[in-house]
Amino acid sequence: IYSNPIKLEEDPNKIIGIVALIEDVTEIRRLEKMRSDFVANVSHELKTPLTSISGFVETLKSGAIDDEDTKQRFLDIIDIETERLTRLIDDILTLSEIENIQARMVRQAISTSDVLSEIGEIMRPIAANKEIELLTQIEANLPIITGNGDWFKQMLINLVDNAIKYTQNGGKVYLNAYQKYSNIIITVKDTGIGIPKKDIPRLFERFYRVDKARTRKVGGTGLGLAIVKHIVLSLNGRIKVNSDVGKGTEFIVVIPVK
Ligand code: ADP
């Protein structure tokens, strides 16, 4: 933005300068683009199950299908897609809550050892459904941290849930936590399918999925890790991933303590 030329008062013919204001809009543009991409993605993600639901409902209503088995199969698909829609909406709401400044301001004392053990107990039966053994090694009396307690739980659930989802029946999942210097280190490790190197840099993006077809089968939304990343950042922490295709994956969360 340029001002009009600034003239010398005594001699208006003499221009003594011009004011130039240069604003860096690249960051603003980038954020705008992220937001509009997100809206476009959300619309697309919501439309897919809705199209499928309304298609099958129409077919059933038309009375064209006599066969009971086929009817049942269509109803099952409607059921699965409705569930998917619910999960998507839940995840989208969680993400937008995490971006909400007020919710970020919640500063509760979180008893890390207790919460970690509790998550182990909650997730163990879910792992057992797939004959996966969930093994925990959580140091007692880890330091208390401050932050949003619900989010801390959500972060752990998302990581352990992924470890279970992407591990074959009969595999193992490890949830470990210990203190190192002034950090709490939480690791979630599995003996699952692993993640190809090329996908790792994009893993925490919203709606990013390594293999869309496969994730649809296991019921993913592609938002779980975006939620995890935001929660880790709200705790001033860092997250890292190590993975070997066919061997397993390890997520490492480092949270500083005061
Ligand atoms: P989703 O809802 O699809 O699981 P996430 O954001 O939680 O979405 O994860 C993004 C993608 O990262 C997943 O689709 C999956 O391909 C991959 N992924 C996440 N965790 C693991 C894991 N423990 N093992 C293998 N792949 C994983």
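Everything below is about the structure shown above.
Remember, predicted model here, so these are calculated numbers, not experimental data. (Residues numbered from 1 in each chain as written. Predicted model: local features only at pLDDT ≥ 70, side-chain atom pairs only at ≥ 80, totals over all residues. Heavy atoms only, no water.)

A. Region of the structure containing unusual backbone geometry. Although it is not a glycine, Tyr 181 sits at a positive phi angle of roughly 50°. Looking at where Tyr 181 falls in the secondary structure, it is placed in the loop between β6 (172-180) and β7 (183-190). Not every positive phi belongs to a glycine, and Phe 207 is a case in point at roughly 70°. For Phe 207, the location among the structural elements is in the loop between β7 and α6 (212-218). (Helix = DSSP H or I, 4+ residues; strand = E, 2+ residues; numbered from the N terminus.)

B. Representation of the sheet that holds strand β8 (residues 238-244) in the model. With respect to topology, 5 strands assemble into an open sheet ordered β4-β6-β7-β9-β8, the strand pairing being mixed. Looking along the sheet, the strands with just one partner apiece sit at the ends: β4 (133-138) and β8. Each strand of the sheet is rotated relative to its neighbour by a mean of 10°, with strand direction disregarded. The sheet contacts of helix α4 (residues 112-128) involve β4, β6 and β7, and relative to β4 the element is tilted by about 170°. (Pairing = 2+ DSSP bridges. Axes fitted to C-alpha atoms, helices over the stretch in contact; angles between N-to-C directions. Contact = heavy atoms within 4.5 Å.)

C. Region of the structure containing the packing of aromatic side chains. Evaluation of the coordinates by the stated rule reveals 3 aromatic pairs. With a centroid separation of 6.0 Å and 25° between ring planes, the pair formed by Phe 38 and Phe 207 is classed as stacked. Remark: Phe 207 occurs in the loop between β7 and α6 and Phe 38 occurs in helix α1 (residues 26-62); sequence separation between them is 169 residues. You'll find Phe 38 and Phe 207 in the same group, each marked buried. When the ring centre of Phe 38 is taken as origin, the NZ or CZ atom of Arg 206, which lies over that ring, is 4.3 Å away. (Phe/Tyr/Trp six-rings, centres within 6.5 Å; stacked < 30°, edge-to-face > 60°. Buried < 20%, exposed > 50% of the residue type's maximum accessible area, 1.4 Å probe, protein only. Lys NZ or Arg CZ within 6 Å of the ring centre and 35° of its normal.)

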